[in-house]
Amino acid sequence: LLYQDASYFDNPAHAPGKLITRLASDAPNIKAVVDARMLQVIYALSAIVACIVIAFIYCWQVAILGTSLILLLAFVMIGLAYKISIMNIEQIKNDEAGRIAIEIIENVKTIQLLTRCDMFFDHYETASKQQKRSELKKGMIEAINYSITQSFMYFMMCFTYAVGIRVIYQGDKSSDDTFKGIIAMMLGAVAVMNSAQYFPEFVKAKTAAGMLFNIIYRKPRTGDLMEGDRPEIRGNILFENVKFSYPQRPLQPIMKG
């Protein structure tokens, strides 16, 4: 941030309050999943793959049905994750509560002297309520995901047993092999249930990582100050006929010759 050009901070989206809020919230959101939760998801994915392989070895009919159900659940979760990611980005762009809070703290003496405490409190309260409504909408989507994933094992049990009974009745597979295939798919469903509870944290971390790395990898328009020559300059500098206006207000010149 310190290397960015001055015009970067003229953009309302890069107001100091918003940048400080990003620094204060994005890094902890990313760190939240790079721990035992990440390992739990890796364990679950490994278990799902192993269970699918075992099921195909013993009873391919049950394995195809179970794999289809897992893929269907995956598509649903990806869709919900995409929806939440869009909401997170919009919430970050419209995050006025943090900016107002920092502005109030930085100018608290002036606000008190001008007796504008009530006005700023109302502004902060309005922005906070807007954030709350956005969080409630995300909470509904996360609740839908949680209810689907935590009941997934019971759907898997119902469908795989239905197919397994049909397979045994027709004599395509022995009851022993069919039962092994059913148990394998049910264990895969348990792995889904154990890892899906971290879904909100991973979606939040993905959005936070995107915003944070956008700041890290952004190149200043004035060039990289760590590159180029560094000649020793001596003498006097004179500015003549300087015309300047901020990028956000090109029609309002600051300097006119």
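Residues numbered from 1 in each chain as written. Predicted model: local features only at pLDDT ≥ 70, side-chain atom pairs only at ≥ 80, totals over all residues. Heavy atoms only, no water.

Peer 1: Help me understand the overall build of the protein in this model?
Peer 2: A count of helical and extended segments in the protein gives 10 helices and 2 strands. In sequence order, the secondary structure elements of the protein are arranged as α-α-α-α-α-α-α-α-α-α-β-β. By the compact-globule yardstick of 18 Å for 257 residues, the protein is too spread out, its C-alpha radius of gyration being 28 Å. Across the 257 residues of the protein, 31% fall into the buried class. Of all intrachain contacts in the protein linking residues separated by at least 6 positions in sequence, the fraction that spans at least 24 positions is 79%. If you sum the accessible surface of the protein, you get close to 17,400 Å²; carbon and sulfur atoms cover 64% of it. For the protein, the centre of its 27 positive side-chain charges and the centre of its 23 negative side-chain charges are spaced 3 Å apart. (Helix = DSSP H or I, 4+ residues; strand = E, 2+ residues; numbered from the N terminus. Rg over C-alpha atoms; globule rule 2.2 N^0.38 Å. Buried < 20%, exposed > 50% of the residue type's maximum accessible area, 1.4 Å probe, protein only. Contact = heavy atoms within 4.5 Å. Areas by Shrake-Rupley, 256 points an atom, 1.4 Å probe, with all protein chains shown as cover. Lys, Arg positive; Asp, Glu negative; His and termini not counted. Charge placed at Lys NZ, Arg CZ, Asp CG, Glu CD.)

Peer 1: How should I be thinking about helix H2 (residues 16-31) in this particular structure?
Peer 2: Given 3.6 residues per turn, any residue in an α-helix points the same way as the ones three and four places further on. Across its 16 residues, H2 extends 23 Å between first and last C-alpha, which sits within 8% of the 22 Å expected from 1.5 Å per residue. Within H2, the full set of buried residues consists of Gly 17, Lys 18, Leu 19, Thr 21, Arg 22 and Asp 26. Each element contacted by the buried residues of H2 is listed here: helix H1 (6-10), helix H4 (60-93), helix H5 (96-106) and helix H10 (199-217). (Expected span 1.5 Å × (residues − 1).)

Peer 1: Help me out: how do you make sense of the UniProt feature "domain: ABC transmembrane type-1" (unreviewed entry) in the protein in this one?
Peer 2: Those residues carrying the UniProt feature "domain: ABC transmembrane type-1" (unreviewed entry) are residues 1-204 in this numbering. Split by type, residues 1-204 is 86% helix and 0% strand. Its first and last C-alpha atoms lie 22 Å apart. (UniProt positions renumbered as here; feature names shortened; annotations may be inferred.)

Peer 1: How do you make sense of the packing of aromatic side chains when you look at a structure like this?
Peer 2: Aromatic ring pairs are reported here in terms of the distance separating the ring centres and the angle at which the planes meet. With the rule as written, the count across this model stands at 3 aromatic pairs. A centroid spacing of 5.2 Å and a plane angle of 90 degrees characterise the contact between Tyr 8 and Phe 9, whose relative ring orientation is edge-to-face. Taking relative accessible area as the criterion, Tyr 8 reaches 5% and is therefore assigned buried. Their ring planes at 20 degrees and their centres at 5.7 Å tell us that Phe 213 and Tyr 217 sit as a pair that is stacked. Note that Phe 213 and Tyr 217 are positioned in helix H10 at a spacing of 4 residues, about one turn of the helix. (Phe/Tyr/Trp six-rings, centres within 6.5 Å; stacked < 30°, edge-to-face > 60°.)

Peer 1: What is the right way to look at the environment of Val 203 in this model?
Peer 2: Within the secondary structure, Val 203 is located in helix H10. Relative accessible area serves as the criterion here: at 7%, Val 203 is assigned to the buried category. Along the primary structure Val 203 and Leu 80 are separated by 123 residues, whereas in three dimensions their C-alpha atoms are 9.5 Å apart. Discounting residues that sit within four places of it in the chain, Val 203 has contacts with Ala 81, Ile 84, Ser 85 and Asn 88.

Peer 1: Can you help me understand helix H7 (residues 117-150) in this one?
Peer 2: Compared with the 50 Å implied by 1.5 Å per residue over 34 residues, the 47 Å span of H7 between its first and last C-alpha is a close match. The inward-facing, buried residues of H7 abut H4, H5, helix H6 (108-113), helix H8 (152-170), helix H9 (175-196) and H10.

Peer 1: When you look at the side chain of Thr 207 in this model, what are you seeing that I'm missing?
Peer 2: With respect to the helices and strands, Thr 207 occurs in helix H10. Among residues more than four places away in sequence, those in contact with Thr 207 are Ser 85, Asn 88, Ile 89 and Ile 92.

Peer 1: Where do I start with the nonpolar core in this structure?
Peer 2: Generally speaking, soluble globular proteins have nonpolar side chains that are buried together. If you look at the biggest cluster of nonpolar residues, it comprises 32 residues, and the most contacted ones within it are Ile 48, Ile 70, Phe 152, Met 156, Met 185 and Phe 199. Contributing elements (two or more residues each) for this core: helix H3 (36-58), H4, H8, H9 and H10. Here this core takes 10 residues from H4, the largest share from any one element. Beyond its immediate sequence surroundings of up to four residues, Ile 48 is in contact with Ile 70, Gly 188, Ala 191 and Val 192. (Core = buried A, V, L, I, M, F, W, Y, C linked by side-chain atoms within 4.5 Å.)

Peer 1: Is there a simple way to think about unusual backbone geometry in this case?
Peer 2: Trans is the common state for peptide bonds, and a negative phi is the common state for residues other than glycine. A positive phi is found at Thr 115, a non-glycine position, where the angle reads about 55 degrees. Here Thr 115 is to be found in the loop between H6 and H7. Even without glycine at this site, Asn 241 takes up a positive phi of about 55 degrees. Secondary-structure assignment places Asn 241 in the loop between H10 and strand E1 (243-244).

Peer 1: Can you help me understand the environment of Gly 181 in this one?
Peer 2: In this structure, Gly 181 sits in helix H9. Along the chain, Gly 181 and Tyr 58 lie 123 residues apart, while their C-alpha atoms are 5.6 Å from each other.

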